[in-house]
Every structure is written in structure tokens, then in C-alpha cells.
Amino acid sequence: MLVTNTGAAALERNDSLIFEPDAVVEAAISLVSDMTEGLRLPERQGDMPLRIADYLAAFEIDDPLLVIDTDVVASNYMAMSRSLPVGRIFYAVKANPEHAVIAKLAALGSCFDTASRNEIDLCLAHAVTPDRISYGNTIKKQRDIEYAYARGVGLFAFDSDAELEKLAESAPGAMVYCRVLMECEGAEWPLSRKFGCEPEMALRLLVRAKELGLDPYGVSFHVGSQQTDLSQWDVALSRVAELFEDAEDLVVTLRMVNLGGGMPARYRSDVRPMEEYAGAIVNAISTNFKHGFPELIFEPGRSVVGDAGVIQAEVVLISRKSDNDEKRWVYLDIGKFSGLAETMDESIKYRFVTPHDGGKTGPVILAGPTCDSADILYEKVAYELPLDLKIGDKVQILSTGAYTTTYSAVAFNGFEPLQTVCI
Ligand SMILES: *Cc1c(COP(=O)(O)O)cnc(C)c1O
């Protein structure tokens, strides 16, 4: 049995709230070390995974290309699995749905968080059994719920009465969890108020789920993507623990907490290692759940694939707006509509590698190639690039494995969507 199923095994024995965390951690760690045997630890060349650097050096590449090192994907997954062995990992497919990424994670025993029929089909196509798939979108068409249920998916998210009614009708008896609203403070890519409901409402909905013949399995939250404030999990878990107690009073025993994603990739600022996140999360669980661990689900996206990818782009034009303009405008052949959507509001601040690194630098405004004035990457955030940078230079954009291809328009302004190669 795979380590990631320890929580489920405990649940089958119907004692999810009383299993010994220490024993589980120990057993899980030994299983993980068995699994990691033969797993390659990715070497690096400077800031880049070595295999990606080698690939880029070996091929002439004309258009923007995302290169994913699936060894880095595997190693990120294993690092998380190793530091959080008491939970099951459901990779958030939307972060990067490349076949090679899904195949690699499926082979390592990952479960999958999906948001649509196509994402479910993708996982099933990689022989992921439906008990390893969660339909985590709180906004689903009735016929898509039916579709998923017919294929054996039995785990669904919701955050409203209407969605619960859809589930009761099209997925009778399914395990359901209610998403609770969080503030997302400290997150560089907050998910705002679009998903989740207030805890009081979640409580009412979970009671109603039981009345409707569904299995009120637990609660989910997401502290916001690229979350840099470790205390946010404690804030969230204290709310969730309270909700568990209130539900118990209403004779609804919740068993599972889905902690969503939020762990970071490495952009311009340093981030704390996975182990520190795991430590903060485990601490927050022990302090808030005094009577034992509930079953845990994690849904990492960015932290699994972000650092595994590098985009190679090209400088199309360098210009100034006046003869004595201090800032150069650097236009790349990739922009907001062809993969770098997360530069919206200049939120995610990527790192750039150029052939002239180490030389003297000057301030730049970075922009994409399309005829849309929104296609500016960084104007307010201060970026400097080498003064020697010239038209035609290739630049590498680091940690671009997550939320790039999936956010790329089909061919806005005639620019092809971002292509990927997995190595
Ligand atoms: C996007 C998403 C995730 C992944 O979040 P990251 O911050 O990329 O780890 C996890 N769960 C849900 C429900 C999501 O929508």
C-alpha cells in the first residue's frame, strides 16, 4: 500500500480520529524511503535544473517554450510526501495538466484534485482509479456531476445549498466536503471570496448534506496561492476545529480536513523550505485538534510543478520612450496572454536569466508582444536587466511550471499558445 493512503486506511478501520500520529509518521517514512529508491535527485546548473539547461543548450528554439523536468516534479512531490506523511496528496491538475506530469505523479501514488470533466478524464486515462480523484470545484454543472459519479468518482466539494442539491440528486451517498471562506492574507496570488462560505453556513450545509443522504465527510479551505505567511494555516485550522466540534454537537461527525494548496514556488523572493511549511501545518493541527488527527488531504499545485519548469523566450525589441528615457522597454515574445497571466497586477514576480548576467544592469519595463496595452509584465515593480541585453537574445524565465500553459490564450493576436516539452 502506498504511503499516501495511510489516512484512508485508518478511515476504513473507522478510527480516523484516534490513530496515533507518531506511528503513522514512522510507518509512512519507511514506505516513502522504499519508494524513493532509484529516484533521481535533480542536479542544478546555477538557478536552473541541469537537464533543462542541457536541453536548452542542445536545441535551436524559435518560439517561447516551457521545458518541464519531470524529475523535479517527482522530487517536489516526494519532498512533500515525506514531510507530510499523515495526509493524502491530491495534485491540483489545473496547475499543469501535461500528460508526462500526470503520469509521473500517478506512478508515485498521488491522488488528483480535478475541476472539470476533462481533468477527470485525463486522470482516468492515466489509470488513476476514481477513488484517487476528487472533484474539487465548487461550481459544477449537474450533468458533469452525473458524469463523474458514473465513472466512480465519489468525492466532491461544495459551498452552497444549490450545489449540495445537485450533488444529492446526481451523486447519491457521495462523500462531500464544504469549502470554508478564508481571507488569504499574505498570499501573493489570493483566491479571494470566489470560493467557500462562512463557517456558520458550512455547519448548516454539512448537517443538510446528511439529511440529503450524502456523507458529510469534512471541510476544505485554501489559504491563498503562493502563501508566504505560515501562520495562515493556524488561523484556518482553528476555525475548522471549531466547526468540527459544533458539528459533533449536531450529531454530524466530520472526519476530514482538506488543507488545499498554497505552498510556494521560488520566484524573486526566497521562500522557506517545504519542511518548514509542513512543520507549521502539523503544529497547527496538533494545537487545534486536541483529540487526535482528522484525516488530511493536501492539494498542492504550484509547489509541485512551479520550480520544475523554465520558459525560454526571446527579446523582440528594446526601445525608449524619449531620447533621455532612463528606462528601457524590453519586449519579449511571451506576455500575459501567452503564458505569463500571473503577472496580472504584477503579482507573481518571475526571475529572468539572460546571456549577459553578471554585467552592469539598468532599469527596464518588461512587456509582451501583443497589441494590447494590458500586455505589460512589470512596470511598477522594479526590474533591472543587463545593459548589454540585445534584440534576439534568448532569456529564460525560471519557475514557470505552474499556471502558465493553462493560462495561455489559443492564439490571441496570432501568437501561438505556449508549447511544452517534458523531459
Ligand atoms: C488551485 C487550487 C489548488 C492548488 O493551489 P496551489 O496554491 O497552486 O498549491 C488546490 N486546491 C484547489 C481547490 C484549487 O482551486
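Residues numbered from 1 in each chain as written. Predicted model: local features only at pLDDT ≥ 70, side-chain atom pairs only at ≥ 80, totals over all residues. Heavy atoms only, no water.

### Quick look at the domain arrangement of the chain
And step 1. Looking at the chain, the domain boundaries give domain 1 (21–38 + 71–300) and domain 2 (307–422).
And step 2. Each of domain 1 and domain 2 has a C-alpha centre, and the two are 33 Å apart.
And step 3. Facing the 18 residues of domain 1 at the interface are 22 residues of domain 2.
And step 4. On the domain 1 side of the contact with domain 2, Trp 189, Tyr 267 and Arg 268 bury the most area, a combined 42% of that side's loss.
And step 5. Scanning the region where domain 1 abuts domain 2 turns up 10 residue pairs in polar contact (both at pLDDT 80 or more).
And step 6. If you list the elements that add at least two residues to the side of domain 1 that touches domain 2, you get helix 4 (70–83), helix 5 (99–107), strand 9 (187–189) and strand 11 (225–227).
And step 7. Element by element, the count of residues in the side of domain 1 that touches domain 2 is highest for helix 4, at 3 residues.
And step 8. Among the residues forming the side of domain 1 that touches domain 2, the class breakdown is 9 nonpolar, 4 polar and 5 charged. (Domains from an automatic or database assignment. Contact = heavy atoms within 4.5 Å. Buried area = accessible area lost by both parts, 1.4 Å probe. Polar contact = N/O pair within 3.5 Å; in protein donor to acceptor, adjacent residues only side chain to side chain. Helix = DSSP H or I, 4+ residues; strand = E, 2+ residues; numbered from the N terminus. Nonpolar A, V, L, I, M, F, W, Y, C, P; charged D, E, K, R; others polar.)

### Focus on the site of the ligand
And step 1. Contacts to the ligand come from 13 residues, most closely from Lys 94, His 222, Ser 225, Glu 299 and Tyr 403.
And step 2. The side chain of His 222 places a nitrogen or oxygen atom 2.9 Å from an oxygen atom of the ligand.
And step 3. Contact between the ligand and Gly 301: an oxygen atom at 2.9 Å from a main-chain N or O atom of the residue.
And step 4. Isolated, the ligand exposes 390 Å² of accessible area, and the fraction of that covered by the protein chains is 91%.
And step 5. For the shell around the ligand, the class distribution of residues is 3 nonpolar, 5 polar and 5 charged. (Near = heavy atom within 4 Å. Areas by Shrake-Rupley, 256 points an atom, 1.4 Å probe, with all protein chains shown as cover.)

### A closer look at unusual backbone geometry
The general pattern is negative phi for most residues beyond glycine and trans for most peptide bonds.
And step 1. Notably, Glu 346 is not glycine yet its phi reads approximately 55°, a positive angle.
And step 2. Here the phi dihedral of Ser 399 falls at roughly 50°; this positive angle occurs in a residue that is not glycine.
And step 3. Considering the arrangement of structural elements, one finds Ser 399 in the loop between strand 19 (394–397) and strand 20 (419–422).

### With respect to the environment of Tyr 350
And step 1. Tracing the sequence through the fold places Tyr 350 in the loop between strand 15 (328–332) and strand 16 (352–353).
And step 2. As for Tyr 350 and Asp 393, which are separated by 43 residues in sequence, their C-alpha atoms are 18 Å apart.

### Some thoughts on the packing of helix 4 against helix 5
And step 1. Interhelical geometry of helix 4 versus helix 5 gives an angle of 40° and a closest axis separation of 10 Å. Relative to helix 5, helix 4 is oriented oblique. In the crossing of helix 4 with helix 5, the sense of the turn from one axis to the other is right-handed. Across the interface between the two elements, Thr 70, Asp 71, Val 73, Ala 74 and Tyr 77 from helix 4 touch Ala 100, Val 101, Lys 104 and Leu 105 from helix 5.
And step 2. The class makeup of the residues in the contact of helix 4 with helix 5 is 6 nonpolar, 1 polar and 2 charged. (Axes fitted to C-alpha atoms, helices over the stretch in contact; angles between N-to-C directions. Parallel < 35°, antiparallel > 145°, perpendicular 65-115°, else oblique. Left-handed = near helix turned anticlockwise from the far one by under 90°.)

### A word on the packing of aromatic side chains
The relation between two aromatic rings is expressed through the spacing of the ring centres and the mutual angle of the planes.
And step 1. Under the counting rule described, the total for this entry stands at 12 aromatic pairs.
And step 2. Look at Phe 337 and Phe 412: their rings are 4.7 Å apart centre to centre, the planes differ by 65°, and that puts the pair in the edge-to-face class. Of this pair, Phe 337 sits in the loop between strand 15 and strand 16 while Phe 412 sits in the loop between strand 19 and strand 20, placing them 75 residues apart in sequence.
And step 3. With relative accessibility at 26%, the residue Phe 337 sits in the partly exposed group.
And step 4. Where Phe 352 meets Tyr 378, the ring centres are 6.4 Å apart and the plane angle is 85°; that geometry is what we call edge-to-face. Of this pair, Phe 352 sits in strand 16 while Tyr 378 sits in strand 18 (residues 376–386), and the two are 26 residues apart along the sequence.
And step 5. Ring pairing ties together the aromatic residues Phe 352, Tyr 378 and Tyr 383, which thus form one cluster.
And step 6. In this arrangement the basic side chain of Arg 151 is found over the ring face of Tyr 147, its NZ or CZ atom lying 3.6 Å from the centre. (Phe/Tyr/Trp six-rings, centres within 6.5 Å; stacked < 30°, edge-to-face > 60°. Buried < 20%, exposed > 50% of the residue type's maximum accessible area, 1.4 Å probe, protein only. Lys NZ or Arg CZ within 6 Å of the ring centre and 35° of its normal.)

### Overview of the nonpolar core
And step 1. Counting 103 residues, the largest nonpolar core has Tyr 91, Phe 156, Phe 221 and Leu 366 as the members making the most contacts within it.
And step 2. Among the domains, domain 1 (21–38 + 71–300) and domain 2 (307–422) are the pair contributing at least three residues each to this core.
And step 3. One finds Met 48, Ile 52, Tyr 55 and Leu 398 within the second-largest nonpolar core, a separate group that totals 12 residues. (Core = buried A, V, L, I, M, F, W, Y, C linked by side-chain atoms within 4.5 Å.)

### A few points about the pairing of strand 13 (residues 295–298)
And step 1. Burial along strand 13 is two-sided: Glu 295 and Ile 297 facing one way and Leu 296 and Phe 298 facing the other are all buried.
And step 2. As paired elements, strand 4 (residues 87–92) and strand 13 share 3 bridges and run parallel to each other. In the sheet register, Ile 89 faces strand 13, and the bridge partner there is Phe 298.
And step 3. Relative to strand 13, strand 12 (residues 256–258) is paired through 3 bridges, and the arrangement is parallel. Bridge pairing links Asn 258 to Ile 297 in strand 13. (Pairing = 2+ DSSP bridges.)

### Let's talk about the packing of helix 8 (residues 161–170) against helix 9 (residues 199–211)
In a pair of packed helices, the angle between the axes and the distance between the axes together describe the arrangement.
And step 1. It is the contact of helix 8 with helix 9, at a shortest axis distance of 11 Å, that shows an interaxial angle of 20°. If you check the angle between helix 8 and helix 9, you find them roughly parallel. For the pair helix 8 and helix 9, the sense of crossing is right-handed. Contacts between helix 8 and helix 9 involve Asp 161, Leu 164 and Glu 165 on the former and, on the latter, Arg 204, Leu 205, Arg 208 and Ala 209.

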